[in-house]
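Given next are the chains, with one letter for each unit.
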Amino acid sequence: MKSLKFISIALIAIFVTTNIANAQMKLQPKGGSNNLTKGNLNLIDCFTGLREEVVSTRTICAGTEQIFDNGKRIIDYKKLIDPKMKESNNHEWVIKKSKSLYKEERIKKDRITHKFDQAGEYDVMSETKNRCGGIDRKIHKVTVLPNPNISVTPLDPTVCIGTEVILTAFGAVSYVWQDGTTGFEYKTTPTVQTTYTVTGTDGNGCSNDASTTVTVNATPDANFFTSVQCSDNPVDFFVYQSTDYNQSTATYEWDFESDGTVDYTTVGDLTASHQYAAGAYDVTLKITTANGCVGTRTAAINVNSPPVVNLGYDNYRCEGYPLTLNSGYSTGVLWSTGETTQTIDVTTTGTYSVVVDNGNGCTAS
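Here is what the cut-offs are and how they apply
- Positions within a chain are numbered from 1, following the residues in the order the chain's sequence is written.
- Owing to the predicted nature of the model, reporting of local features is limited to residues with pLDDT of at least 70; listing and counting of side-chain atom pairs is limited to 80 or more, with chain, interface and lining totals taken over all residues.
- Water and hydrogen atoms play no part in the side-chain values, which are based on all heavy atoms of the structure.
- Every helix listed is a DSSP run of H or I at least four residues long, and every strand listed is a run of E at least two residues long, numbered separately from the N terminus.
- Whether two residues are in contact is decided by their heavy atoms, any of which lying within 4.5 Å being enough.
- For every accessible area listed, the method is Shrake-Rupley and the probe measures 1.4 Å; residues are considered covered only by the protein chains on display.
- Two strands are said to pair when DSSP picks up at least two bridges between them.
- Axis angles are defined between N-to-C directions and span 0 to 180 degrees, where every axis is a line fitted to C-alpha atoms and, for a helix, only to the segment in contact.
- What is meant by a nonpolar core is a set of buried Ala, Val, Leu, Ile, Met, Phe, Trp, Tyr and Cys residues, joined one to another through side-chain atoms within 4.5 Å.
- Only protein chains enter the calculation, and the probe is 1.4 Å; a residue is then buried if its accessible area is under 20% of its type maximum, exposed if over 50%, and partly exposed in between.
- Take a side-chain nitrogen of Lys or Arg and a carboxyl oxygen of Asp or Glu: if they are within 4 Å of each other, that pair is a salt bridge.
- Two cysteine sulfur atoms make up a disulfide if the distance between them is within 2.5 Å.
- Any two of the Phe, Tyr and Trp rings considered here, Trp counted by its six-membered ring, make a pair once their centres fall within 6.5 Å; the pair's planes then place it as stacked at under 30 degrees, edge-to-face at over 60, or tilted in between.
- A ring has a charge above it when a Lys NZ or an Arg CZ is no more than 6 Å from the ring centre and no more than 35 degrees off the ring normal.
- Polar contact is defined as a pair of N or O atoms within 3.5 Å, subject to the rule that within protein one atom must be able to donate a hydrogen and the other to accept it, and that residues adjacent in sequence are counted only when both atoms are side-chain atoms.

**As for the overall build of the chain**
Move 1: Scanning the chain from terminus to terminus reveals two helices and 28 strands.
Move 2: Long-range pairs, those at least 24 residues apart, make up 51% of the contacts in the chain between residues at least 6 apart in sequence.
Move 3: When the accessible surface of the chain is summed, it comes to about 21700 Å², and 50% of that surface belongs to carbon and sulfur atoms.

**Some points on the sheet that holds strand β14 (residues 185–188)**
Move 1: Read across the open sheet, the three strands follow the order β10-β12-β14; overall the sheet is antiparallel. Strand pairing shows two members of the sheet lacking a second neighbour, β10 (151–153) and β14, which therefore form its edges. Put simply, the sheet's adjacent strands are angled 25 degrees from each other on average, direction ignored.
Move 2: Sheet analysis places β10 next to strand β12 (residues 165–170), joined by three bridges and oriented antiparallel. Residue pairing for β12: Ser151 is matched across the bridge by Phe170.

**Considering the nonpolar core**
Move 1: Formed by 19 residues in total, the largest nonpolar core has its most connected members in Phe237, Tyr252, Trp254, Tyr276, Val283, Leu285 and Ile287.
Move 2: Of all the elements in the fold, those that place two or more residues in this core are β18 (235–240), β19 (251–255), β22 (279–288) and β23 (294–303).
Move 3: The greatest single-element share of this core, amounting to four residues, is contributed by β22.
Move 4: The contacts of Ile287, once residues within four sequence positions are left out, are Pro220, Asp221, Ala222, Val239, Tyr245, Ala250, Thr251, Tyr252, Cys293, Val294 and Gly295.
Move 5: Core analysis: the next-biggest nonpolar cluster, separate from the first, contains 15 residues, Val152, Val165, Leu167 and Val216 among them.

**Points about the pattern of salt bridges**
Move 1: If you walk through the whole model with that rule in mind, you get four salt bridges.
Move 2: The shortest N-O distance in the salt bridge between Glu53 and Lys138 comes to 3.2 Å. Placement of the pair is Glu53 in strand β3 (residues 50–61) and Lys138 in strand β9 (residues 135–145), with a sequence separation of 85 residues.
Move 3: Since its relative accessible area comes to 41%, Glu53 is described here as partly exposed.
Move 4: The structure contains a network of salt bridges with shared partners spanning Arg51, Glu53, Asp136 and Lys138.

**What to know about the state of the cysteines**
Cysteine pairs can be covalently joined through their sulfur atoms, and such a bond is termed a disulfide.
Move 1: A complete count under the given rule lists two disulfides for this structure.
Move 2: Paired through a disulfide, Cys61 and Cys206 show a sulfur-sulfur distance of 2.0 Å. As the torsion about the S-S bond is roughly -85 degrees, the Cys61-Cys206 disulfide counts as left-handed. Residue Cys61 is located in strand β3, and its partner Cys206 is located in the loop between β15 (194–201) and β16 (207–217); the two are separated by 145 residues in the primary sequence.

**Overview of unusual backbone geometry**
Move 1: Pro154 follows Thr153 through a cis peptide bond whose omega is -10 degrees.
Move 2: Of note, Pro154 is situated in the loop between β10 and β11 (158–160).
Move 3: One non-glycine residue, Asp156, adopts positive backbone phi at about 50 degrees.
Move 4: Following the sequence through the fold, Asp156 ends up in the loop between β10 and β11.

**Comments concerning the packing of aromatic side chains**
Move 1: According to the stated counting rule, one finds 12 aromatic pairs in the structure shown.
Move 2: Between the aromatic rings of Trp254 and Phe256, the centroid separation amounts to 6.0 Å while the plane-to-plane angle is 15 degrees, which identifies the pairing as stacked. Comparing Trp254 with Phe256 shows no difference in burial state: the two are buried.
Move 3: Linked through ring pairs, Phe224, Phe237, Trp254 and Phe256 together constitute an aromatic cluster.
Move 4: Here Arg297 stacks its cationic end above the ring of Phe224, 5.0 Å away from the centre of that ring.

**A word on the environment of Gly134**
Move 1: Inspection of the secondary structure puts Gly134 in the loop between β8 (120–129) and β9.
Move 2: In this view, Gly134 contacts Phe47, Thr48, Gly49, Thr128 and Lys129; residues no more than four positions away in its chain are not counted.

**A few points about the sheet that holds β22**
Each strand in a sheet pairs with another by means of backbone hydrogen bonds, the pair being arranged parallel or else antiparallel.
Move 1: The four strands are arranged β20-β19-β22-β23 in an open sheet whose pairing can be described as antiparallel. Of all the strands in the sheet, just β20 (264–267) and β23 have a single pairing partner and so form its edges. Direction aside, the axes of adjacent strands within the sheet are offset by 15 degrees on average.

**Some points on the side chain of Thr188**
Move 1: Mapping Thr188 onto the fold places it in strand β14.
Move 2: Looking at Thr188, the relative accessible area reads 13%, which means it is buried.
Move 3: For Thr188, the side chain forms a polar contact with the side chain of Tyr196, separated by 2.9 Å.
Move 4: Setting aside anything within four residues of it in sequence, one finds Thr188 in contact with Thr163, Glu164, Val165 and Tyr196.

Next comes the structure, spelled out in structure tokens:
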């Protein structure tokens, strides 16, 4: 009978040892340090206290998400021996920054995802308690590098349409702009308000973005027209708007003979006038808006002499004797009698006048 009992125990020992070996653990019999009793097993790895192991080290940039896996979970060997027992799943995550507690994840999961927004040294620890009260702590050491501080100058500038803007990026070693252009400098001539973004990458491979918005103001078109250009009266000038700008706050500078001398300056006044002698002139208008945008235009004008009409002194004639009045012009003539000929003959007492238009819009009477 003793021989049979020994064989039975041996068979049980072989069965248990085979299964535990698959879990890479050793069995010790209860009752002393090396006793093994059927149905009442004690495992070396069912330890008490704290066991730590660094399972990974990694270096990342701030703002990066990382996945952490606690690796091989502590096996509850009591369940392995007796499948009817409930599994122990006392698993928690703890994240520490330097020596101060940064954040705790009290989540019973084998895997977590965490985003590191701040630079620093972190210990990401997974802690699993076994049935014996021991804690198996697996540590992921994470170094989070700061992202570069990228800046762009000028910051949010305001320019006039047609002006080239040179943007310059700082804070990294390489740069990529929103359209794929590379380099720290970016040249552009925007026609509307535009936002420009650059991504800078430092020597560690960490990157960050910076943006600047360029506001574009309209450049005024210095358009103007004139009244009839005759030397006997001042020539009037009128500004008309063809671009979007505030006329009431703009400054208007007139150089009536384009000799480099500003003859007349006004703010918000869209009219000007100047007395000319007959001749050809270049007139320059410069408009400066409140935003500093400048428009300039030079136009040629011809100032004409008015016709010269002289009907002579008042005359006295006897009735019945005609008097011939001569306007001196064959065209553009209008007498007070309604006639349009160069001369008329008058035989009755009265006042006679004539208006002559020389064809350039200038008249005389």
